[in-house]
Amino acid sequence: MHSSSRRLLATVALSTVVAVVGTACSSGAGSTDAKDADSGTYTIWDPYPQFAKGSAWTKLLDKCGTQAGVKIQRTGFDTSDLANKTLLAAQQGNSPDVLIVDNPVVSTLAEAGVLTTTDDNKLDTSKVDPNLLAAGQSGGKTYGTPIGANTLALYYNKEVLKEAGVDIASVKDWKSLTAALAKVKQAGKKGITFSAIGTEEGSFQFLPWFWGSGAELTELDSAQAVSALSLWQDWLKKGYAPNSVINNTQTTSWQEFAGGDYAFAENGTWQLAGAEKAGFEYGVLPIPGSDGGNAAAPTGGEFVTLPVQDDTGRYTTSQKLATCLTSTQNLYDTDTTLSYVAPTSEVQNKQVAANPALQAWVDAVKAAKGRTSGDLGTKYPKISEQLWKAVQSALSGSKSPEDALTSAQAAAE
């Protein structure tokens, strides 16, 4: 694509990007020097500023560079900065050679003409689980490959459930989960905590219940969607979930659970290290669908993509770098470092063999789906905003679930 049309599209996309990032955050900065004119230096941008020079991650980047016969110039950005920096770089014809970016942003960058397709760049995605690959697909094309996935599940406190006489094996659907919460409350403990804040984090946490009801993002006001929002509203009314969920982020919700009084918390793979330090025995259960089975939870995690370059001769080396980063052994090492589930069955099996406790997370990721899947692409941020507003209205008591979702659907259209 010519750089002039790329600039125009990238400008249009800037506003969209801000809305879709931010379900998992980190902070830090890096140098944004222009790409070295010497073609022996290749630039890689990633959203992992927490990994400084000398970390396992930067060593891997350098190792992949050495194997490809080039030097790596790497910059780590805050997740919310990265998408905007990428669009600006595309406008200036100065995109990085390899870009690792949060999966909901892929379709926005693709529609802005910033990324090459796997048909063009020859990245092999044949081993990747199709439900995870879908987050990087738009208009029938694939724009990269996932480096790993995180998702949501239910952490539970074994001691609290034991005191309440709840057998976790009995929790199979919404009815049995609600019955368990009732028992926990009767035993004088607290039920479940989650994040229902009025941001993308709130939508991210509501989606497993929304999808678990059988609802679709194209029809926010369906009877199934109303049943999901009614479930959350009922939990608050009955005291099974605290009113604090309305303002909870995933971090503050986790802090409530880590206090030791809650039976359940909806949270992500990224809290595994915190769970180990919590000081009580915990387990993990995939979020149940309304009538049983595992609900689809949204996938978090990043894609390795190759941005469009004016010098197309760079793609061959960029493809080697991306292939190296997503090879079986490197995926295993990287996903272990990031507390991610790998995007291929081969590496998932290796992860579970090393740590059997990961099986529940692998099951959750197998059932998960991308927020922009089903060709929602850049429509997703607008739909998501109406969804979290509906959740806020219903949980604060200002609207019934039905009225809140009717308004949401009208605004999303």
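Please refer to the structure higher up on the page.
Residues numbered from 1 in each chain as written. Predicted model: local features only at pLDDT ≥ 70, side-chain atom pairs only at ≥ 80, totals over all residues. Heavy atoms only, no water.

Novice: For this particular structure, what's the right way to read the sheet that holds strand β11 (residues 302-305)?
Specialist: In spatial order, the strands read β2-β1-β3-β11-β6; together these five strands make up an open sheet with mixed pairing. The strands lining the two open edges of the sheet, one partner per strand, are β2 (71-76) and β6 (145-146). (Pairing = 2+ DSSP bridges. Helix = DSSP H or I, 4+ residues; strand = E, 2+ residues; numbered from the N terminus.)

Novice: How should unusual backbone geometry be read in this particular structure?
Specialist: Among all residues except glycine, the phi angle is most often negative; among peptide bonds, the trans geometry is most common. Even without glycine at this site, lysine 122 takes up a positive phi of about 65 degrees. Summarising the element assignment, lysine 122 is placed in the loop between α5 (118-121) and α6 (130-133). The residue aspartate 375 is not glycine, and still its phi comes out positive at about 60 degrees. Relative to the elements of secondary structure, aspartate 375 occurs in the loop between α16 (359-367) and α17 (380-396). Residue classification places aspartate 375 among the partly exposed residues on the basis of a relative accessible area of 46%. (Buried < 20%, exposed > 50% of the residue type's maximum accessible area, 1.4 Å probe, protein only.)

Novice: Mind showing me how you'd approach the packing of helix α9 (residues 200-212) against α17 here?
Specialist: Two measures define how a pair of helices packs: the angle their axes make with one another and the distance between the axes. The N-to-C vectors of α9 and α17 enclose an angle of 85 degrees; their axes lie 9 Å apart at closest approach. Taken as axis vectors, α9 and α17 run roughly perpendicular relative to one another. Along the contact surface, α9 presents Glu200, Ser203, Phe206, Leu207 and Phe210, while α17 presents Tyr380, Ser384, Leu387, Trp388 and Val391. For the contact of α9 with α17, the residue count by class is seven nonpolar, two polar and one charged. (Axes fitted to C-alpha atoms, helices over the stretch in contact; angles between N-to-C directions. Parallel < 35°, antiparallel > 145°, perpendicular 65-115°, else oblique. Contact = heavy atoms within 4.5 Å. Nonpolar A, V, L, I, M, F, W, Y, C, P; charged D, E, K, R; others polar.)

Novice: In this structure, what is going on with the packing of aromatic side chains? I would like to understand it.
Specialist: Between two aromatic rings, the relevant description is the distance of the centres plus the angle of the planes. The tally for this structure, following the rule as stated, stands at 17 aromatic pairs. With a centroid separation of 5.4 Å and an interplanar angle of 90 degrees, the aromatic rings of phenylalanine 257 and phenylalanine 280 are classed as edge-to-face. Here the residue phenylalanine 257 occupies a position in helix α11 (residues 250-258), and phenylalanine 280 occupies one in the loop between α12 (272-277) and β10 (282-285), the gap between them amounting to 23 residues. Through a chain of ring-to-ring contacts, three or more aromatic side chains come together here, namely Trp174, Phe194, Phe206, Trp209, Phe210, Trp232 and Trp235. Above the ring of tyrosine 42, the side-chain terminus of arginine 314 is found at 4.1 Å from the ring centroid. Looking at lysine 350, its charged tip hangs above the ring of tyrosine 332, at a distance of 4.9 Å from the centre. (Phe/Tyr/Trp six-rings, centres within 6.5 Å; stacked < 30°, edge-to-face > 60°. Lys NZ or Arg CZ within 6 Å of the ring centre and 35° of its normal.)

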